[in-house]
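Fold and geometry: a report
Each chain, written out:
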Amino acid sequence: MLEDVLGRIDRDELVRLTQELVRIPSVYRPEEPEGNENNVARFVADYLRDAGFETRMEEAAPGRPNVWAVWEGDGTGRTLLFEAHTDVVTEGSAQEWDHPPFGAQRDGGRIYGRGACDTKGNLAAAVVAVLAIRDSGVAFPGTLVLCHPVDEEGMMVGIKAFIQNGHACGVDAAVICEPEENQICTRQKGALRVEVSVRGRMAHGAMPLSGVNPVTRAARFVVAVEELEREEIGRHGEDPFLGYPSLTPTILMGPELGEPQINVIPASAYVALDIRTIPAQSHEDLVERLRNILARLAADDPDFDATFEVIEERPPTETPKDEPLVSAMTRATTYLTGEEPRYNGVPGATDGTFLHALAGIPIVTTGAGNREIPHHADEWVDEEELLASCKLYAATAMYYAYGEEAHV
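These numbers were taken from a predicted model, which means no experiment stands behind them.

1. Brief notes about the overall build of the chain
- A count of helical and extended segments in the chain gives 10 helices and 18 strands.
- A globule of 408 residues ought to have a C-alpha radius of gyration of about 22 Å, and the chain, at 24 Å, matches this closely.
- In terms of overall dimensions, the chain has C-alpha extents of about 80 × 45 × 40 Å along its principal axes.
- Counting over 408 residues, the chain shows a buried share of 55%.

This is how it looks when you write it as structure tokens:
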């Protein structure tokens, strides 16, 4: 059965579809009427409808539609979802690229362009894999869902809307199609995005005692966060797949609003933290410790006045190795490569974070692409690796549906 499915995978169509997707810019630029995922989402929806899938579109935000398609095989088996987002990050300056950012040029066995690796190539691989299963003539005892949400590179409003509107109900497991060098990633780091505003009082830089300097006070908080990071690493050590936790100040800005000037003490300062956590950590505990830092600084300085807000929380995820989806992908990898799979973790969050946290769906993340290439200039994906991902997605679905009998 499995060889019948693999024999239906069309490499040329996989490459062509990847190129078509990359050529449609889908960077979120709210100031531009066409600066979102709308065009690529409509292209995907038309492609899936033309292929005969039951396809739906639904706006997660104005002008930003999610797309998903459902294919029901024979019988009443489990439902497996393949998720790949439609948005990409900015291309930056085109002058930094040797290949046009949205040209989808083929060169040396690679496809170049923003999104080729993260994650339009893997979106194409998932679609072609499901097509191969459907067109193989093999009876498939289950249901496959192709899910393509917006805004994965932002606040993930797409996958949140997909879940909150009930479309993830009945899904038994999900493959998150991201550039992970076809490793089986069973863990993901969590994230906390924190904003701290420190209020001061404007004054002349030559007469600092006539005001209250929020910059020095914000700096004390940043130094304390660095110490908290060392404490967390000492408490929890290094996760074998995810490495060390981190608490990273990414923005220190004063004034918070308005124009800075070198001889003016600003009225406020702003600090942003990008916190990445491992499963051993407690987000609730981390938030409490950060608040305690601010309380301690205020107790030591009557002019220290700050507000604290968590603007986004993404819990870490962990899927056990005995989960049926992990077992299916392990068998698929061994069958396709003749080798034991490589297990790993995802250093950042994905849409799978919320499929797991909000919908309780077991997830595994994998796909083609060098892990260090996303968001770089001259982003690329290797065509052979992309074909291997397509085969891995198809074989995983077959093993998930059939168990060991998939390769009979």
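Past the structure itself, the notes keep going.
2. Re the nonpolar core
- Grouped together as the largest cluster of nonpolar side chains are 65 residues, with contacts concentrated most on Leu48, Leu80, Phe82, Ile133 and Leu144.
- In terms of residue count, helix α4 (residues 116–135) provides more of this core than any other element does, 12 residues in total.
- Residues Leu192, Ala218, Phe304 and Phe308 belong to the second largest nonpolar core, which totals 22 residues.

3. Re the packing of helix α8 (residues 324–337) against helix α10 (residues 383–402)
- Viewed as axis vectors pointing N to C, α8 and α10 meet at an angle of 125 degrees, and their least axial separation amounts to 8 Å. As the angle between them shows, α8 and α10 are arranged oblique. The way α8 lies across α10 gives a crossing that is right-handed. Contacts between α8 and α10 involve Pro324, Leu325, Ala328, Met329, Arg331, Ala332, Thr333, Tyr335 and Leu336 from the former and Lys391, Leu392, Ala395, Thr396, Tyr399 and Tyr400 from the latter.
- Residues of the contact of α8 with α10, tallied by class, amount to 11 nonpolar, 2 polar and 2 charged.

4. Quick notes on the packing of aromatic side chains
- One pass over the structure, following the stated rule, counts 5 aromatic pairs.
- Seen in terms of ring centroids, tryptophan 71 and phenylalanine 140 are 5.7 Å apart; in terms of plane orientation they differ by 35 degrees. Their pairing is tilted. Of this pair, tryptophan 71 sits in strand β2 (residues 64–72) while phenylalanine 140 sits in the loop between α4 and β6 (143–148), placing them 69 residues apart in sequence. Residues tryptophan 71 and phenylalanine 140 agree in their burial class; the two are buried.

5. Notes on the sheet that holds strand β11 (residues 246–253)
- Pairing is antiparallel in the open sheet, where 4 strands are placed in the order β11-β13-β9-β14. Two strands close off the open sheet at either side, each with one partner strand: β11 and β14 (305–314). Geometrically, the sheet is characterised by an average inter-axis angle of 20 degrees between neighbouring strands, direction not taken into account.
- As paired strands, strand β9 (residues 190–199) and strand β13 (residues 268–277) are joined by 10 bridges and run antiparallel to one another. Bridging from a neighbouring strand, arginine 193 pairs with aspartate 274 of β13.
- In this fold helix α7 (residues 283–300) packs onto β9, β11, β13 and β14, with an angle of close to 165 degrees to the strand it touches most, β14.

6. Some points on the sheet that holds strand β4 (residues 106–107)
- Spatially, β4-β5-β18 is the arrangement adopted by the 3 strands of the open sheet, whose pairing is antiparallel. The sheet terminates laterally at β4 and β18 (380–382), the two strands that pair on one side only.
- Judged from the 2 bridges that link them, β4 and strand β5 (residues 110–112) form a sheet pairing that is antiparallel. If you follow aspartate 107 over to β5, its bridge partner there is arginine 110.
- Contacts between helix α2 (residues 11–22) and the sheet are confined to β4 and β5, with β5 contributing the most and set at about 15 degrees to the helix.
- α4 rests against β5 and β18 of the sheet, and its axis sits at about 50 degrees to β18.

7. Some words on the side chain of serine 197
- Secondary-structure assignment places serine 197 in strand β9.
- Polar contacts involving the side chain of serine 197 include one to the side chain of glutamate 256, which spans 2.8 Å.
- When sequence neighbours within four positions are dropped, the list of residues in contact with serine 197 reads Glu256, Ala269, Tyr270, Asp305, Ala306 and Thr307.

8. Describing the pairing of strand β3 (residues 79–83)
- The element β3 is extensively covered by neighbouring structure, given that 5 of its 5 residues are classed as buried.
- Burial along β3 is two-sided: the residues Thr79, Leu81 and Glu83 and Leu80 and Phe82 are all buried.
- As paired strands, β3 and β6 are joined by 5 bridges and run parallel to one another. Of the residues in β6, the one forming a bridge with leucine 80 is leucine 144.
- Bridge analysis of β3 against strand β7 (residues 173–177) gives 4 bridges, and the strand direction is parallel. Note on β7: the bridge partner recorded for phenylalanine 82 is valine 175.

9. Notes on α7
- Between its first and last C-alpha atoms α7 spans 26 Å; for 18 residues at 1.5 Å apiece the expected length is 26 Å, and the two agree.
- His283, Leu286, Val287, Arg289, Leu290, Ile293, Leu294 and Leu297 are the residues of α7 that are buried. Buried residues of α7, viewed axially, fall in a sector of 165 degrees; they line one side. Residues of α7 that are exposed and angled more than 90 degrees away from the buried face: Glu284 and Ala299.
- For α7, the elements touching its buried residues are β9, α6 (214–236), β11, β13 and β14.
- A distance of 3.4 Å separates the backbone nitrogen of glutamate 284 from a side-chain oxygen at the start of α7, and that oxygen is part of serine 282.

10. Points about the pattern of salt bridges
- Taken as a whole and assessed by the stated rule, the structure comprises 26 salt bridges.
- The closest approach of N and O atoms between aspartate 151 and arginine 64, which form a salt bridge, is 3.3 Å. In this pair, aspartate 151 is assigned in the loop between β6 and α5 (157–164) and arginine 64 in strand β2, connecting sequence segments 87 residues apart. For the pair aspartate 151 and arginine 64, a shared accessibility class is recorded, and that class is buried.
- For arginine 235, the salt bridge identified is with aspartate 285, shortest N-O distance 3.3 Å. Of the two residues, arginine 235 sits in helix α6 while aspartate 285 sits in helix α7, which places them 50 residues apart along the sequence.
- Members of the salt-bridge network, linked through shared partners, are Glu231, Glu232, Arg235, Asp285 and Arg289.

So, how was this worked out
Residue numbers here run from 1 along each chain, matching the order of that chain's written sequence. This being a predicted model, a pLDDT of at least 70 is required before a residue's local features are given, and a value of 80 or more before pairs of side-chain atoms are given or counted; all residues contribute to the totals for chains, interfaces and linings. Only hydrogens and water are set aside when side-chain values are computed; all heavy atoms of the structure are taken into account. A run of DSSP states H or I qualifies as a helix once it reaches four residues; a run of E qualifies as a strand once it reaches two. Both are numbered from the N-terminal end. As defined in this context, the radius of gyration uses C-alpha atoms, and a globule is described by 2.2 Å times the residue total to the power 0.38. When a residue's accessible area, from a 1.4 Å probe over protein chains only, is under 20% of the maximum for its type it is buried; when over 50% it is exposed; and in between it is partly exposed. Here, nonpolar core refers to any group of buried Ala, Val, Leu, Ile, Met, Phe, Trp, Tyr and Cys residues whose side-chain atoms link them within 4.5 Å. Axes here refer to lines fitted to C-alpha atoms; in helices the fit is confined to the stretch in contact. Angles between the N-to-C directions go from 0 to 180 degrees. Just so you know how the angles are binned, under 35 degrees is roughly parallel, over 145 roughly antiparallel, 65 to 115 roughly perpendicular, and the rest oblique. In this scheme, a crossing is called left-handed if the near helix is turned counterclockwise away from the far one by less than a right angle; it is called right-handed if the turn is clockwise. Only heavy atoms matter for contacts: two residues are in contact if any of them lie within 4.5 Å across the pair. Each residue gets one of three labels, nonpolar for Ala, Val, Leu, Ile, Met, Phe, Trp, Tyr, Cys and Pro, charged for Asp, Glu, Lys and Arg, and polar for the others, Gly among them. Pairing of aromatic rings covers Phe, Tyr and Trp, the last counted by its six-membered ring, and requires centre-to-centre distances within 6.5 Å; plane angles under 30 degrees mean stacked, over 60 mean edge-to-face, and any other angle means tilted. Two strands pair if DSSP finds at least two bridges between them. Here a polar contact means two N or O atoms within 3.5 Å. Within protein one must be a hydrogen donor candidate and the other an acceptor candidate, and residues neighboring in sequence count only if both atoms are side-chain atoms. In a helix, the anticipated span is given by 1.5 Å times the number of residues less one. The arc in question is the one traced by the directions running from the helix axis out to the C-beta atoms. The working definition used for a salt bridge is a side-chain nitrogen of Lys or Arg within 4 Å of a carboxyl oxygen of Asp or Glu.

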